[in-house]
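Residues per chain, in single letters:
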Amino acid sequence: MGFLDTLLGRTRPVPPDLDRLFGLPSAAVTLEAAAGFTATGVGSVCFSSVEGAEFSRIQEEVRELLAADEQRTGPPVGSERDAFGYSWLVSHRDADDLPALVGDLHAVNSALEESGFGPQLLCSLVGFRDPGGRRLGLVYLYKRGTFYPFAPVAADRRDNALELQVRGVLTDDLRIEPDLSRWFALWGAPGL
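Residues numbered from 1 in each chain as written. Predicted model: local features only at pLDDT ≥ 70, side-chain atom pairs only at ≥ 80, totals over all residues. Heavy atoms only, no water.

Trainee: What is the right way to look at the pattern of salt bridges in this model?
Mentor: Pairs can form between side chains of opposite charge once their charged atoms are near each other. In the structure shown here, the tally under the stated rule is 6 salt bridges. In this structure, Asp104 and Arg93 form a salt bridge, with 3.0 Å as the shortest nitrogen-oxygen distance. Here Asp104, found in helix H4 (residues 98-117), pairs with Arg93, found in the loop between strand S3 (87-92) and H4; they are 11 residues apart in sequence, far enough to count as distant. Look at Asp104 and you get buried, because its relative accessible area is 5%. Across the pair Glu177 and Arg144 runs a salt bridge whose closest N-O atoms are separated by 2.8 Å. Residue Glu177 is located in the segment after helix H5 (160-170), and its partner Arg144 is located in the loop between strand S5 (135-141) and strand S6 (146-150); the two are separated by 33 residues in the primary sequence. The buried category is assigned to Glu177, whose relative accessible area is 1%. (Salt bridge = Lys/Arg side-chain N within 4 Å of Asp/Glu carboxyl O. Helix = DSSP H or I, 4+ residues; strand = E, 2+ residues; numbered from the N terminus. Buried < 20%, exposed > 50% of the residue type's maximum accessible area, 1.4 Å probe, protein only.)

What follows is the structure, given as structure tokens:
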């Protein structure tokens with residue numbers, strides 16, 4: 001960073017640290033104890049769609065890698081496109097096997113990053129529910145290296161109070177995104 005950048009208030013972007021995803025299992029224990037939310041066993045990685053044979057090949061290799069796990073139960077790793085045109089790779093695991101789900105998400109992110117598609121990565125999401133049926137997603141922002149909670153209530157409404165409560169609960173477990181304007185609504189995200 002140069003002198004002019006410092007004078008103008010420019011900062012370097014925080015490099016992504018995919019290993020922070022491995023903090024999710026311990027955060028899940030805290031979240032269950034404090035708020036009653038348990039993992040659903042569904043997680044997803046969102047990225048900007050890219051046309052081309054190379055990107056399609058990498059996507060298929062990632063799906064094959066994750067599907068090769070003999071301990072996997074439930075539906076195979078799938079891909080979806082949301083209403084906004086973003087692509088999602090979705091992994092299903094037993095609800096009790098959050099470490100394996102996090103491993104899947106890490107593998108997807110790493111494979112895309114190592115293949116030069118890091119700029120297309122947007123976020124990863126792990127779904128949670130409480131006994132009352134409320135939904136919650138813990139979202140990892142790839143370009144910021146931070147997490148935030150997203151609690152949809154309806155197709156266009158979110159539970160801000162719950163999101164702030166979860167932020168307070170998980171502050172010691174995960175690096176929470178401090179800028180609330182970056183807590184993007186992920187309407188219709190797979191895994192919620």
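Trainee: Before we go on, may I ask you to explain the layout of surface pockets in this structure?
Mentor: Taking a probe equal in size to a water molecule and rolling it over the atoms shows the remaining empty space. Roughly 390 Å³ of internal volume is contained in the largest pocket. Taken together, 18 residues line the largest pocket, and the ones lying closest to its centre are Leu122, Cys123, Leu141, Phe184 and Leu186. For the lining of the largest pocket, a count of residues per class yields 14 nonpolar, no polar and 4 charged. Looking at the second largest pocket, its volume works out to about 170 Å³. In terms of lining residues, the second largest pocket is bounded by Pro25, Ala28, Val29, Glu32, Phe37, Thr38, Ala39, Ala95, Asp96 and Leu98. Within the residue set of the lining of the second largest pocket, elements represented by two or more residues are helix H2 (24-35) and strand S1 (38-47). Among the elements that make up the lining of the second largest pocket, the one with the highest residue count is H2 (4 residues). For the lining of the second largest pocket, the class distribution of residues is 7 nonpolar, 1 polar and 2 charged. (1 Å grid on protein atoms, 1.4 Å probe; cavity = no way out; pocket = protein on both sides within 12 Å on 5 of 7 lines; lining within 4 Å. Points joined across faces, edges and corners; volume = space filled by probe spheres on them. Nonpolar A, V, L, I, M, F, W, Y, C, P; charged D, E, K, R; others polar.)

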